[in-house]
Amino acid sequence: MSLIGPSRRQGGQKTGARRSENNRIYAHPLPLVFSAPPSASYAAPLLSLLGFSAARLENPHCEGIYDPATRSVWVTNEKDSTILWRRGFFGKGDLSRSEPSWLARQENARKAAGKYMTSEEMREKRRAERKQFKLDRAAAIARAAEEAEAAFAEGREAAPAVIPSGATWKPSSAEVSTLPAPPEEEDDDADLDNAELEDEPLENVEHLQLTLQEAWFLVWNLDCLTVLDPHSNEPLTLQQIWRAFQDVHCIPPSLPIYANRFDNPFLVNYAAYHYYRALGWVVKGGIKFCVDYLLYKRGPVFHHAEFAIVVIPVYEDPADQESSPFNLPNANTFSWTWLSTVNRVNSQVQKTLILTYVTIPARSRISPELLSSPACLAHYSVRDVVLRRFIPARMRD
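Rules used in this analysis
Residues numbered from 1 in each chain as written. Predicted model: local features only at pLDDT ≥ 70, side-chain atom pairs only at ≥ 80, totals over all residues. Heavy atoms only, no water. Core = buried A, V, L, I, M, F, W, Y, C linked by side-chain atoms within 4.5 Å. Buried < 20%, exposed > 50% of the residue type's maximum accessible area, 1.4 Å probe, protein only. Helix = DSSP H or I, 4+ residues; strand = E, 2+ residues; numbered from the N terminus. Contact = heavy atoms within 4.5 Å. Salt bridge = Lys/Arg side-chain N within 4 Å of Asp/Glu carboxyl O. Pairing = 2+ DSSP bridges. Axes fitted to C-alpha atoms, helices over the stretch in contact; angles between N-to-C directions. Expected span 1.5 Å × (residues − 1). Arc of directions from axis to C-beta. Phe/Tyr/Trp six-rings, centres within 6.5 Å; stacked < 30°, edge-to-face > 60°. Lys NZ or Arg CZ within 6 Å of the ring centre and 35° of its normal. Patch = residues over 30% accessible without salt bridge, like charges linked within 9 Å, V, L, I, M, F, W, Y side chains within 5 Å. Areas by Shrake-Rupley, 256 points an atom, 1.4 Å probe, with all protein chains shown as cover. Lys, Arg positive; Asp, Glu negative; His and termini not counted. Charge placed at Lys NZ, Arg CZ, Asp CG, Glu CD. pLDDT = per-residue confidence, 0-100.

## Overview of the nonpolar core
Part 1 of the argument: Membership of the largest hydrophobic core comes to 56 residues, with the highest contact counts inside it found for L210 and F245.
Part 2 of the argument: By residue number, the principal contributor to this core is helix α9 (residues 265-278), which donates eight residues.
Part 3 of the argument: If we skip the residues at most four places from it in the chain, L210 touches S72, V73, V75, L84, F90, G91, A215, L218 and L225.
Part 4 of the argument: Membership of the second largest hydrophobic core comes to 17 residues, among which are F289, A305, V342 and L353.

## Looking at the pattern of salt bridges
Part 1 of the argument: The final tally for this structure, using the stated rule, is nine salt bridges.
Part 2 of the argument: The partner of D263 in a salt bridge is R261, with the nearest N and O atoms 3.1 Å apart. Both residues of the pair, D263 and R261, belong to the buried class.
Part 3 of the argument: Connected via shared salt-bridge partners are E147, E154 and R156.

## Describing the sheet that holds strand β11 (residues 352-360)
Part 1 of the argument: Sheet architecture is open: five strands sit in the order β8-β9-β10-β11-β12, paired in mixed fashion. On the outer flanks of this sheet lie β8 (282-285) and β12 (381-387), each paired with one strand and no other. Put simply, the sheet's adjacent strands are angled 30 degrees from each other on average, direction ignored.
Part 2 of the argument: Pairing analysis gives three bridges linking strand β9 (residues 293-296) to strand β10 (residues 307-315), with the strands arranged antiparallel. Residue pairing across strands places Y293 opposite I309, the latter belonging to β10.
Part 3 of the argument: Helix-sheet contacts for α9 involve β8, β9, β10, β11 and β12, and the interaxial angle to β11 is about 125 degrees.
Part 4 of the argument: Taken strand by strand, helix α11 (residues 336-348) contacts β10, β11 and β12, and its axis lies near 130 degrees from that of β11.

## Some details on α11
Part 1 of the argument: Here α11 is 13 residues long and its end C-alpha atoms lie 18 Å apart, about the 18 Å a rise of 1.5 Å per residue gives.
Part 2 of the argument: All of the buried residues along α11 are L339, V342, N343 and N346. For α11, the buried positions fall inside an angular range of 95 degrees around the axis, keeping them on one side. With respect to the buried face of α11, the exposed residues turned more than 90 degrees away are T337 and Q348.
Part 3 of the argument: Each element contacted by the buried residues of α11 is listed here: β10, β11 and β12.
Part 4 of the argument: One or two steps after α11, the chain reaches Q350, where phi turns positive at roughly 60 degrees.

## Description of the packing of aromatic side chains
Part 1 of the argument: The full count for this structure, using the stated rule, is 19 aromatic pairs.
Part 2 of the argument: A centroid spacing of 6.0 Å and a plane angle of 20 degrees characterise the contact between W216 and W220, whose relative ring orientation is stacked. Here W216 and its partner W220 are both found in helix α7 (residues 212-222), four residues apart, which amounts to about one turn of the helix.
Part 3 of the argument: W216 gets classed as buried once you look at its relative accessible area, which sits at 0%.
Part 4 of the argument: Given the relative accessible area of 32%, W220 is considered partly exposed.
Part 5 of the argument: With centroids separated by 6.1 Å and ring planes inclined at 75 degrees, the aromatic side chains of W242 and F266 adopt a geometry described as edge-to-face. Pair noted here: W242 is in helix α8 (residues 238-247) and F266 is in helix α9, with a separation of 24 residues, a long-range link.
Part 6 of the argument: Assessed through its relative accessible area of 0%, F266 is described here as buried.
Part 7 of the argument: Every member of this aromatic cluster is reached through a ring pair, and the members are Y66, F90, W216, F217, W220, W242, F245, F266, Y270, Y273 and Y293.
Part 8 of the argument: Its end group placed over the ring of F302, R298 keeps NZ or CZ at 3.8 Å from the ring centre.

## Some remarks on the sheet that holds strand β5 (residues 92-93)
Part 1 of the argument: Spatially, the five strands line up as an open sheet ordered β5-β6-β4-β3-β7, and their pairing is mixed. This sheet does not close on itself; its edge strands, each paired only once, are β5 and β7 (225-228).
Part 2 of the argument: Inspection of the sheet shows strand β4 (residues 72-75) paired to strand β6 (residues 208-211) by four bridges, in the antiparallel sense. Paired with V75 across the strands is L208, a residue of β6.
Part 3 of the argument: Its contacts with the sheet put helix α3 (residues 78-86) on β3 (62-67), β4 and β6, and the angle it makes with β3 is roughly 95 degrees.
Part 4 of the argument: Set on the sheet, α7 makes contact with β3, β4, β6 and β7; between it and β6 the angle comes to about 85 degrees.

## Quick word on a positive patch on the surface
Part 1 of the argument: Side chains of R126, R130, K134 and R137 sit close together on the surface and give a patch of like positive charge.
Part 2 of the argument: Relative to the elements of secondary structure, R130 occurs in helix α5 (residues 119-154).
Part 3 of the argument: On the basis of relative accessible area, R130 is assigned to the partly exposed category, the value being 46%.

## Details of the confidence of the model for the protein chain
Part 1 of the argument: Per-residue pLDDT for the protein chain has a mean of 84; in total, 82% of the residues score no lower than 70.
Part 2 of the argument: Confidence over residues 1-11 falls short of pLDDT 50; this stretch has one contact with residues more than four positions distant or in other chains.
Part 3 of the argument: Here residues 176-186 is a poorly scored stretch, pLDDT under 50, and it has 14 contacts once near neighbours within four places are set aside; other chains count.

Written out as structure tokens, the structure is:
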């Protein structure tokens, strides 16, 4: 029997179990959950005949604190953070790359206690190895070039060059860390210190950080988030949140030049965010790939992002752009060099670039009073254009 077969089956079983566990944990696409009615309910069949559902809507009613300095909303309650992340992948941990996992990482690191490497240490080790591989490869290429020049000058045949590849290269430098070897002798004092460290409880100092667009979507569309004032710790009204999220882009907000502006950065970005969220996409920040947003089909736990979004504001009235106090990114004509660079970056990571044009309504056409309520969002229009790189060797058909 082949030795490869069982290992593949075990790996498949492990991957399948992890996928099933993720499907169970992240089963709900939004924080709002419809629960089935009790089995003993006699009203359910009657309601179904009338076209109504007996399911109950469960609203988690999460709370967050508005932080104007970081232009975000902080969810400090661990239960609320878990609900918002697992039901729609809203926000990110302020001490994590995405999911709030700082406490779990610290607990794993404490359990490791030098016996094995944590996930962060493994990541840093791989990064150090990749860096060392690039240095070794560059040095080998430089030596090969010098040998070729010397052979050409002496009129002889150059010796075959040995250039390391990613498949055959092995780290040999002392700078690259290796897995720690298990201790040969047990140290009673060290075990006592580790036991005392394990007995000391860890305090979770991480919070979930929501962008203003995510927070407004949860407040206005789902009514499952209460935003608290950072000074009085009192709940803000919908009107106060609406003004605060716009005023954070106005410094100072009391200047009359900022009044009645439809090109407020919060409004423009939220129009694009709401457009894709309403279509069922999971929308996350895309600064890592030089774009505004990334679109996930189900979420970062299941797949990589399929599309990269660049928000491009378009003024319906050019006079509004000339008088605008905001310097909106991509509002002016961008160069083909910039566009080719962003497209190349996202093509290398298997993402399709989408140019999302958000049309800003003209101030001369719409009453400024509409800006006092979210009703003004109905006057924004969104158009998206898919941009792909043409590769002749791959796109002959």
